[in-house]
Amino acid sequence: GENVEQHPSTLSVQEGDSAVIKCTYSDSASNYFPWYKQELGKRPQLIIDIRSNVGEKKDQRIAVTLNKTAKHFSLHITETQPEDSAVYFCAKRDNNDMRFGAGTRLTVKP
Amino acid sequence: DAGITQSPRHKVTETGTPVTLRCHQTENHRYMYWYRQDPGHGLRLIHYSYGVKDTDKGEVSDGYSVSRSKTEDFLLTLESATSSQTSVYFCAISEQGKNIQYFGAGTRLSVL
């Protein structure tokens, strides 16, 4: 499987602002794209996911968009809060091959 | 959290010694995975299992072996640990037909 590139590696925003994290990939077989949040010293936890037949999915303040033609997908967090501070990982799955991005450390300043 | 237990949670060992990490699940999920997490690399798949005695290699399988003799247990073995295997190891599980993977709490391994 091919890897996934994630940007930016660090992101600092003011409380209440929006945060956007973008991931790109190069293969055509991946059909599932999850996002995980990992707080310091904790396990990664799924926060939202999207399948390749869907272009956008929203869950309260979190949304994910997928552009399969351009091979990129993004995580959008609106009205950020200090508790959103964590490392976020994108991933893509092709059968049993799950590849993760290197992560984005998001800091929300109160 | 899904019923996943990793043991030990922390281990310090010496280069050249064998090490076995255990992942135990109470969810009866078919699929189990071992990942390692290193700064700048995210999570990388080492091996996975799609049933009892059915395993396959992942992206970074060299130096690791696995075994699954029961649905609930997936063991990761470092036959002869090296300093490059110092990492945090996560186990994950998923149901057949479902994409979502649930992670265990992790094992921090230091090889000196």
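Here the residue numbering is sequential within each chain, running from 1 through the sequence in written order. Each chain is given a letter, starting from A, and each ligand a number, starting from 1, according to the order in which they appear as written. Local features in this predicted model are restricted to residues of pLDDT 70 or higher, and side-chain atom pairs are both shown and tallied only at a pLDDT of 80 or more, whereas totals for entire chains, interfaces and linings draw on every residue. Calculated side-chain values reflect all of the structure's heavy atoms, with hydrogen atoms and water omitted.

A. The arrangement of the overall build of chain A in detail. To qualify as a helix, a DSSP run of H or I must reach at least 4 residues; to qualify as a strand, a run of E must reach at least 2; elements of each kind are numbered from the N terminus. The helix and strand tally for chain A stands at 0 helices and 11 strands. C-alpha atoms define the radius of gyration, and 2.2 Å times the number of residues to the power 0.38 defines the globule rule. The C-alpha radius of gyration of chain A comes to 13 Å, within 12% of the 13 Å expected for a compact globule of 110 residues. In chain A, which comprises 110 residues, the proportion classed as buried is 45%. Of all intrachain contacts in chain A linking residues separated by at least 6 positions in sequence, the fraction that spans at least 24 positions is 53%. Per-residue accessibility takes into account occlusion by the displayed protein chains alone, with areas from the Shrake-Rupley method and a 1.4 Å probe. Looking at chain A as shown, the accessible area adds up to about 5,400 Å², and 44% of this sits on carbon and sulfur atoms. Side chains of chain A carry 15 positive and 14 negative charges; the gap between the two charge centres is 3 Å. Exposure classes here rest on a 1.4 Å probe applied to the protein chains alone. A residue is buried below 20% of its type maximum, exposed above 50%, and partly exposed in between. Contacts are residue-level and defined by heavy atoms, with any inter-residue pair within 4.5 Å sufficient. Positive charges come from Lys and Arg alone, negative charges from Asp and Glu alone, with His and the N- and C-terminal ends not counted. Charge positions come from single atoms, namely NZ of Lys, CZ of Arg, CG of Asp or CD of Glu.

B. View of the side chain of His 29 of chain B. Residues and elements named next belong to chain B. Here His 29 lies in the loop between β3 (19-25) and β4 (31-38). A relative accessible area of 8% places His 29 in the buried class. When sequence neighbours within four positions are dropped, the list of residues in contact with His 29 reads Arg 68, Thr 71, Ile 93, Ser 94 and Glu 95.

C. Spotlight on the layout of surface pockets. Only protein atoms enter the calculation, which uses a 1 Å grid: trapped sets of points that fit a 1.4 Å probe without letting it out are cavities, open sets showing protein on both sides within 12 Å along at least five of seven lines are pockets, and any residue with an atom within 4 Å of a point is a lining residue. Grid points are joined across faces, edges and corners, and a volume is the space filled by probe spheres set on the points. Taken as a whole, the largest pocket encloses approximately 640 Å³ of empty space. As for the largest pocket, its lining consists of 28 residues, of which Gln 38, Phe 89 and Arg 105 of chain A together with Gln 37 and Arg 108 of chain B are closest to the centre. For the lining of the largest pocket, the secondary-structure elements that each account for two or more residues are β9 (86-94) and β11 (104-109) of chain A together with β4, β9 (87-94) and β11 (107-111) of chain B. With 3 residues, the single largest contributor to the lining of the largest pocket is β9 of chain B. Residues that form the lining of the largest pocket fall into these classes: 8 nonpolar, 14 polar and 6 charged. The nonpolar class holds Ala, Val, Leu, Ile, Met, Phe, Trp, Tyr, Cys and Pro. Asp, Glu, Lys and Arg form the charged class, and all remaining residues, Gly among them, are polar.

D. Structural view of unusual backbone geometry. The step from His 7 of chain A to Pro 8 of chain A runs through a cis peptide bond, and the omega angle for that step is -5°. You can see Pro 8 of chain A is positioned in the loop between β1 (4-7) and β2 (10-14). A cis amide bond, omega -10°, links Ser 7 of chain B with the succeeding residue Pro 8 of chain B. Summarising the element assignment, Pro 8 of chain B is placed in the loop between β1 (4-7) and β2 (10-13). In this model, Glu 79 of chain A sits at a positive phi of 45°, which is unusual for a non-glycine residue. You can call Glu 79 of chain A exposed: its relative accessible area is 53%.

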